[in-house]
Amino acid sequence: MRGVEFSWLLPAVVFAEPGTPARRSTRDWVVDSLCFVIGFGFTVWATADLLGPNPTLVQEWHPSPDWVIVTDGVVSGIAGIALWWRRRFLTPLAILTLVLSAFSVAGALTMFIVLLTVAVHRRFAVLAGYAGLAVLTNMIFAGARPDKESSFWESVFWGVAIVLIIALWGMVVRARRELLLSWRDRAARAESEQQLRVEQARTLERTRIAREMHDVLAHRISLLSLHAGALEFRPDAPPEEIAGAAAVVRASAHQALQDLRAVIGVLRAGQSEAEPGPERPQPTLSALPALVEEARAAGDRVSFDVTVDPGAVPAGVGRAAYRMVQEGLTNARKHATGAVVRMTVAGRPGEGLTLEIVNPLPVSAPARPIPGAGTGLVGLNERASLAGGRLTYGPRDGAFHLEAWLPWEAAPAAAREPDVAGEEPLAGEGTPGPLVAAVEAP
């Protein structure tokens with residue numbers, strides 16, 4: 001609410017936190033000042049007029065003794081001053097003005113202001129009871145101070161009409177405020193639910209990343225165990241075989257540490273009995289051509305430019321890049337149907353892998369938009385952060401840009417991981433080395 005234009009025209013209760021006292025807004029200061037000036041000012045003017053030599057109010061009511069006029073002026077003046085704190089002390093002020101309404105002339109406008117305040121700040125049952133008592137005191141006033149030109153029932157009728165008009169006016173104001181408060185609560189709940197969805201998407205993405213890394217880590221740790229066991233069992237093996245097995249152990253340990261670095265801090269939820277077994281290995285950069293062909297077969301217009309060797313990209317980096325491209329194509333399909341999507345992938349070891357997906361901004365909303373949760377980019381940002389990279393996205397120059405950078409460290413040839421698309425395994429990884437073969441031979 002505080003960011004709304006012309007918020008100073010709204011009462012403080014609209015943007016105050018529930019259960020906390022609201023400080024007066026600019027509008028409240030103006031309204032309170034006007035109520036004070038009108039109520040107290042009319043009391044002073046009416047009292048001075050009735051005590052003057054040629055009172056104008058006596059033309060409507062019969063004259064009263066001076067002590068009655070002074071008492072009316074003093075008590076009505078106190079009520080007029082109390083209008084400044086009418087929100088804080090509404091109940092005692094309402095009782096005081098209700099008593100005054102039975103005989104007071106100088107406090108007439110103060111009583112109307114208090115009645116309007118009760119209608120705005122109290123529920124309907126309280127307002128109905130208060131308005132009923134105001135009608136009774138109006139009848140007492142019509143009998144105690146009769147009008148010169150109207151009968152008793154005419155005076156009562158006009159008094160009841162004024163009470164009903166003010167009460168209905170206050171009810172309209174209260175209903176409008178309650179509508180604004182309901183809108184504010186709805187907006188707050190929507191924002192809270194969106195934050196909850198973002199947190200859930202982040203948690204699910206972390207869990208999925210951890211599950212994707214399961215097979216890779218299990219593979220490398222099994223290699224470490226196999227070759228370490230071979231070294232322990234054959235300490236008298238030729239130096240060349242020992243050196244080869246040690247190189248495989250070192251390379252596997254190096255890659256395992258890199259994979260672990262990508263999932264540090266990720267909480268992996270345990271699979272229940274109803275969940276399927278371990279997930280199959282996830283696609284990497286070598287699967288991009290198949291992904292692009294699938295998108296083209298679905299009707300997408302994709303311009304694909306890859307200047308790197310997919311087999312040379314580490315599997316962890318390739319998996320992250322594949323998911324980013326997949327999400328970029330999905331977003332383009334959702335929000336820019338039929339537009340040409342330009343996709344480039346470039347990089348080299350030591351400098352990192354960069355990818356960019358650009359599609360023109362839509363000129364109108366799709367006739368049948370594809371539903372979605374709106375949390376895909378949140379998951380990609382989390383994935384990029386866990387991989388040690390960065391992700392930027394947003395509209396620029398009439399197009400939507402999705403740009404990512406992922407670290408691509410130079411690694412020994414023996415440390416390269418076999419690709420899920422069918423790359424030949426490294427010596428010592430897919431097949432056991434001579435030292436391990438000698439250990440496993442009967």
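Preceding block: the structure.
Please read all numbers here as calculations on a predicted model, not as lab measurements.

What counts, and at which threshold
Residues numbered from 1 in each chain as written. Predicted model: local features only at pLDDT ≥ 70, side-chain atom pairs only at ≥ 80, totals over all residues. Heavy atoms only, no water. Phe/Tyr/Trp six-rings, centres within 6.5 Å; stacked < 30°, edge-to-face > 60°. Helix = DSSP H or I, 4+ residues; strand = E, 2+ residues; numbered from the N terminus. Buried < 20%, exposed > 50% of the residue type's maximum accessible area, 1.4 Å probe, protein only. Pairing = 2+ DSSP bridges. Axes fitted to C-alpha atoms, helices over the stretch in contact; angles between N-to-C directions. Contact = heavy atoms within 4.5 Å. Arc of directions from axis to C-beta. Parallel < 35°, antiparallel > 145°, perpendicular 65-115°, else oblique. Nonpolar A, V, L, I, M, F, W, Y, C, P; charged D, E, K, R; others polar.

1. Focus on the packing of aromatic side chains
Now for step 1: If you walk through the whole model with that rule in mind, you get 5 aromatic pairs.
Now for step 2: Between Trp-29 and Trp-84 the ring centres are 5.7 Å apart and the planes differ by 55°, which places this aromatic pair in the tilted class. Of this pair, Trp-29 sits in helix H2 (residues 26-51) while Trp-84 sits in the loop between helix H3 (66-82) and helix H4 (90-100), and the two are 55 residues apart along the sequence.
Now for step 3: Residue class for Trp-84 comes out partly exposed when judged on its relative accessible area of 22%.
Now for step 4: Judged by centre distance (6.0 Å) and plane angle (40°), the ring pair of Phe-42 and Trp-45 falls under tilted. Separated by 3 residues within a single helix, Phe-42 and Trp-45 lie in helix H2, roughly one turn from each other.
Now for step 5: Taken together, the ring pairs connect Trp-29, Phe-36, Phe-40 and Trp-84 into an aromatic cluster.

2. As for the sheet that holds strand E5 (residues 399-406)
Now for step 1: Overall, mixed pairing links the 5 strands, which are arranged E1-E2-E3-E5-E4 in an open sheet. Bordering the open sheet on either side are strand E1 (301-306) and strand E4 (390-396), each of which pairs with just one other strand. When strand polarity is set aside, the average angle formed by the axes of neighbouring strands in this sheet is 10°.
Now for step 2: In terms of strand pairing, strand E3 (residues 352-360) meets E5 through 8 bridges, oriented antiparallel. Paired with Val-358 across the two strands is His-401, which belongs to E5.
Now for step 3: Strands in contact with helix H10 (residues 315-335) are E1, strand E2 (340-348), E3, E4 and E5; relative to E3, the strand with the most contacts, it is inclined by about 5°.

3. Topic: H4
Now for step 1: Along H4, the residues that are buried comprise Leu-90, Leu-93, Ala-94, Thr-97, Leu-98 and Leu-100. Viewed end-on, H4 has its buried residues packed into an arc of 155°, placing them on one side of the element. Opposite the buried face of H4, at more than 90 degrees from it, the exposed residues are Pro-92, Ile-95 and Val-99.
Now for step 2: On the buried face of H4, the contacting elements are H3, helix H5 (108-121) and helix H6 (124-144).

4. Looking at the packing of H2 against H5
Now for step 1: Contact geometry for H2 and H5: axes closest at 7 Å, N-to-C directions at 150°. Comparing the axis directions of H2 and H5 gives the class roughly antiparallel. Two secondary-structure elements touch here, H2 through Cys-35, Ile-38, Gly-39, Phe-42 and Thr-43 and H5 through Ala-108, Leu-109, Thr-110 and Ile-113.
Now for step 2: When its residues are assigned to classes, the contact of H2 with H5 shows 6 nonpolar, 3 polar and no charged.

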